[in-house]
Amino acid sequence: MSKKRVIAVDVGGTKVLAGLVDAEGNVHQTVERASVVTSQESLLDELAAVVRELPQEDVVAVGFGVPARVDQVAGTVLGAVNLPLHDLDLRSELENRLDLPVGLENDANAAAYAEFRLGAGRHVHSLVMLTLGTGVGGGVVFAGQLFRGWAELGHIVIVEDGDPCNGACTGRGHVESYCSGTAVDRLARRVLGEQATARDLVAAHHPALDEVGHHLGTAIGSLINVFNPQLVVIGGGFGVAAFDLLLPSARLAAEREALAPGGRVEIRTAELGAAAGLIGAGLVAFEAVQA
Ligand SMILES: [Zn+2]
């Protein structure tokens, strides 16, 4: 067994989680910080600093999962909805700061890849994953291969001219407008009062979550019609926490919208839980060494 390790960094809209990951995908030690959203430069400095907080021994590469649109050929980030990242040669910037090979992937793509290799999807050859966190991300594995292009599944329209989307997104009625932790925080304030959050709705098993599940299932139905996956995986902090409460109404909506036999597609929670993104970034880092 190789002693080689990588440092994986899961960059979220709210927090940055970094960890040492071995070649089998085991996470050994983690550090967490709040995301710096003041400027691109300070975010880059923070990402380098969080990597240096971990032991560097036997570390051969660093992998980043970022909630952004990534151009894999150029290694650039084209834009992000919830972070100050725009038109940036992120791979080079981080390689210069860290002096190690850097792998870069969209955070939800990374999570989908981890679930496919090591989690809920390890027995299938195609899956679609949605991560419900600050925003909504998505990843697709088709015929055993991760789709490494844009898979901004959180920004498909499920309600025409619906609620405004988050952050830098100008759209309306997107999955993220209804199913992100941020959107459900808004819903919580509406139904439980000014101080309430999505966490309170989940703790109360509040029926308002049926509405969120319905929106989620509507999205899942359309994704089944596009990709015909064997499995749909729901991850992300909010997605994992609320999964059991969202599933009944999500399943009903997905079964209605999906063409047969898509309605019978399995919908499962991320097996790697909130660590899927981190482990996926680790797998991407190992690939950066082989490249
Ligand atoms: Zn959007």
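All values derive from a computational prediction rather than experimental measurement.

Analysis parameters
- What you see as residue numbers is a count from 1 along each chain, following the sequence as written.
- The predicted origin of the model limits local features to residues at a pLDDT of at least 70 and limits the giving and counting of side-chain atom pairs to 80 or more, whereas totals for whole chains, interfaces and linings rest on all residues.
- With hydrogens and water stripped out, all remaining heavy atoms of the structure feed into the side-chain values.
- A run of DSSP states H or I qualifies as a helix once it reaches four residues; a run of E qualifies as a strand once it reaches two. Both are numbered from the N-terminal end.
- Throughout, the radius of gyration refers to the C-alpha atoms, and the reference size of a globule is 2.2 Å times the residue count to the power 0.38.
- Only protein chains enter the calculation, and the probe is 1.4 Å; a residue is then buried if its accessible area is under 20% of its type maximum, exposed if over 50%, and partly exposed in between.
- Shrake-Rupley sampling with a 1.4 Å probe provides the accessible areas, and residues are treated as covered by the protein chains on show and by no other component.
- The rule for donors is simple: an N, O or S atom within 2.8 Å of the metal counts, and for Na, K and Ca the reach is 3.2 Å. Water is not among the atoms, so a site may look short of donors.
- By the criteria applied here, four donors are tetrahedral when all angles lie between 85 and 135 degrees, four are square planar and six octahedral when opposite donors are over 155 degrees apart and every other angle lies between 65 and 115, and any other arrangement is irregular.
- Note on ring pairs: Phe, Tyr and Trp rings are taken, using the six-membered ring of Trp, and paired if centres are within 6.5 Å. Classes follow the plane angle, with under 30 degrees stacked, over 60 edge-to-face and the rest tilted.
- Each ring is checked for a lysine NZ or an arginine CZ that lies within 6 Å of its centre and within 35 degrees of its normal; such an atom marks a charge sitting over the ring.
- Among buried residues, those of type Ala, Val, Leu, Ile, Met, Phe, Trp, Tyr and Cys that are joined through side-chain atoms within 4.5 Å constitute a nonpolar core.
- Contact definition: two residues touch when any of their heavy atoms are within 4.5 Å.
- Strand pairing is assigned whenever DSSP identifies at least 2 bridges connecting the two strands.
- Fitted lines through C-alpha atoms serve as axes, helices being fitted only where they are in contact, and the angles separating the N-to-C directions of these axes extend from 0 to 180 degrees.
- Working rule for helices: expected span equals 1.5 Å times residues minus one.
- This arc is built from the directions going out from the helix axis to the C-beta atoms.
- The salt bridge criterion pairs a side-chain nitrogen of Lys or Arg with a carboxyl oxygen of Asp or Glu, the two atoms within 4 Å.
- Contacts described as polar in this section are N or O atom pairs within 3.5 Å, which, within protein, must combine one atom able to donate a hydrogen with one able to accept it, while residues neighboring in sequence count only if both atoms come from side chains.

1. What to know about the overall build of the chain
Argument step 1. If you tally the helices and strands in the chain, you get nine helices and 13 strands.
Argument step 2. A compact globule built from 291 residues should have a C-alpha radius of gyration of about 19 Å, and the chain, at 18 Å, falls within 12% of that.
Argument step 3. With the C-alpha coordinates aligned to their principal axes, the bounding extent of the chain is approximately 50 × 40 × 35 Å.
Argument step 4. Split into buried and exposed, the 291 residues of the chain put 55% on the buried side.
Argument step 5. Carbon and sulfur atoms provide 51% of the accessible area of the chain, an area that totals close to 12500 Å².

2. Observations concerning the coordination of the zinc ion
Argument step 1. Coordination of the zinc ion by the protein is provided by His155 (ND1), Cys165 (SG), Cys169 (SG) and His174 (ND1), with metal-donor distances spanning 2.0 to 2.3 Å.
Argument step 2. Viewed at the metal, the four donor atoms of the zinc ion are separated by angles of 101 to 114°, and the geometry they form is tetrahedral.
Argument step 3. Within one chain, the residues serving as donors to the zinc ion are arranged as H-x9-C-x3-C-x4-H. Here the two residues Cys165 and His174 agree in accessibility, since each one is buried.

3. Quick notes on the packing of aromatic side chains
Argument step 1. As enumerated under the stated definition, the model contains zero aromatic pairs in all.
Argument step 2. Taking NZ or CZ as reference, Arg69 lies 5.4 Å from the ring centre of Trp150, over its face.

4. Brief notes about the nonpolar core
Argument step 1. Grouped together as the largest cluster of nonpolar side chains are 39 residues, with contacts concentrated most on Leu130, Leu132, Leu209, Leu216, Ile220, Ile234 and Phe238.
Argument step 2. Elements that contribute at least two residues to this core include exactly β9 (127-132), β10 (136-142), α4 (175-179), α5 (181-192), α6 (198-203), α7 (209-227), β12 (231-235) and α8 (237-257).
Argument step 3. The element best represented in this core is α8, accounting for eight residues.
Argument step 4. Contacts of Leu216, omitting those with residues within four sequence positions, involve Leu130, Leu132, Cys179, Ile234, Leu246 and Ala250.
Argument step 5. One finds Val11, Val16, Val62 and Ala68 within the second-largest nonpolar core, a separate group that totals 31 residues.

5. Topic: the sheet that holds strand β2 (residues 15-22)
Argument step 1. Ordered by their spatial adjacency, five strands build an open sheet running β3-β2-β1-β4-β8, and the pairing between neighbours is mixed. Here the strands that pair on one side only, and so sit at the sheet edges, are β3 (27-34) and β8 (102-106). Strand after strand, the sheet turns through a mean of 15° between neighbouring axes, direction not considered.
Argument step 2. Taken together, the seven bridges between strand β1 (residues 5-11) and β2 define a ladder with antiparallel strand orientation. Within the sheet, the bridge partner assigned to Val9 lies in β2 and is Ala18.
Argument step 3. Across the sheet, helix α3 (residues 107-118) is in contact with β1, β4 (59-66) and β8; its angle to β8 comes to roughly 95°.

6. Description of helix α9 (residues 276-290)
Argument step 1. For α9, built from 15 residues, the straight-helix expectation of 21 Å at 1.5 Å per residue is met to within 8% by its first-to-last C-alpha distance of 21 Å.
Argument step 2. Among the 15 residues of α9, 12 are classified as buried, and the element is accordingly described as predominantly covered.
Argument step 3. Considered for burial, the residues of α9 that qualify are Ala276, Gly277, Leu278, Ile279, Gly280, Ala281, Gly282, Leu283, Val284, Ala285, Phe286 and Ala288.

7. A closer look at helix α2 (residues 90-98)
Argument step 1. Taken together, the buried positions of α2 are occupied by Leu90, Leu94 and Leu98. The buried residues of α2 occupy one face: seen down the axis, they fall within an arc of 45°.
Argument step 2. Next to the buried residues of α2 lie α1 (40-52), β4, β6 (76-80), β7 (86-88) and β8.

8. Some words on unusual backbone geometry
Excluding glycine, residues mostly have negative phi values, and the peptide bonds linking residues are mostly trans.
Argument step 1. The residue Asp99 is not glycine, and still its phi comes out positive at about 60°.
Argument step 2. With respect to the helices and strands, the residue Asp99 is situated in the loop between α2 and β8.
Argument step 3. Its identity is not glycine, yet Asn228 carries a phi of approximately 45°, on the positive side.
Argument step 4. Its location among the elements puts Asn228 in the loop between α7 and β12.

9. Points about the pattern of salt bridges
Argument step 1. By the definition in use, this model includes 12 salt bridges.
Argument step 2. Between Arg148 and Glu287 there is a salt bridge, with the nearest N and O atoms lying 3.5 Å from each other. Of the two residues, Arg148 is situated in the loop between β11 (145-146) and α4 and Glu287 in helix α9; the sequence distance between them amounts to 139 residues.
Argument step 3. Note that Arg268 is salt-bridged to Glu271, the shortest N-O span being 3.0 Å.
Argument step 4. Accessibility expressed as a relative area gives 41% for Glu271, which makes it partly exposed.
Argument step 5. Among the charged side chains, a network of salt bridges with common partners joins Glu41, Asp45, Glu93 and Arg97.

10. A look at the side chain of Ser35
Argument step 1. Relative to the helices and strands, Ser35 is located in the loop between β3 and α1.
Argument step 2. From its side chain, Ser35 meets the backbone oxygen of Gly12 in a polar contact 2.8 Å long.

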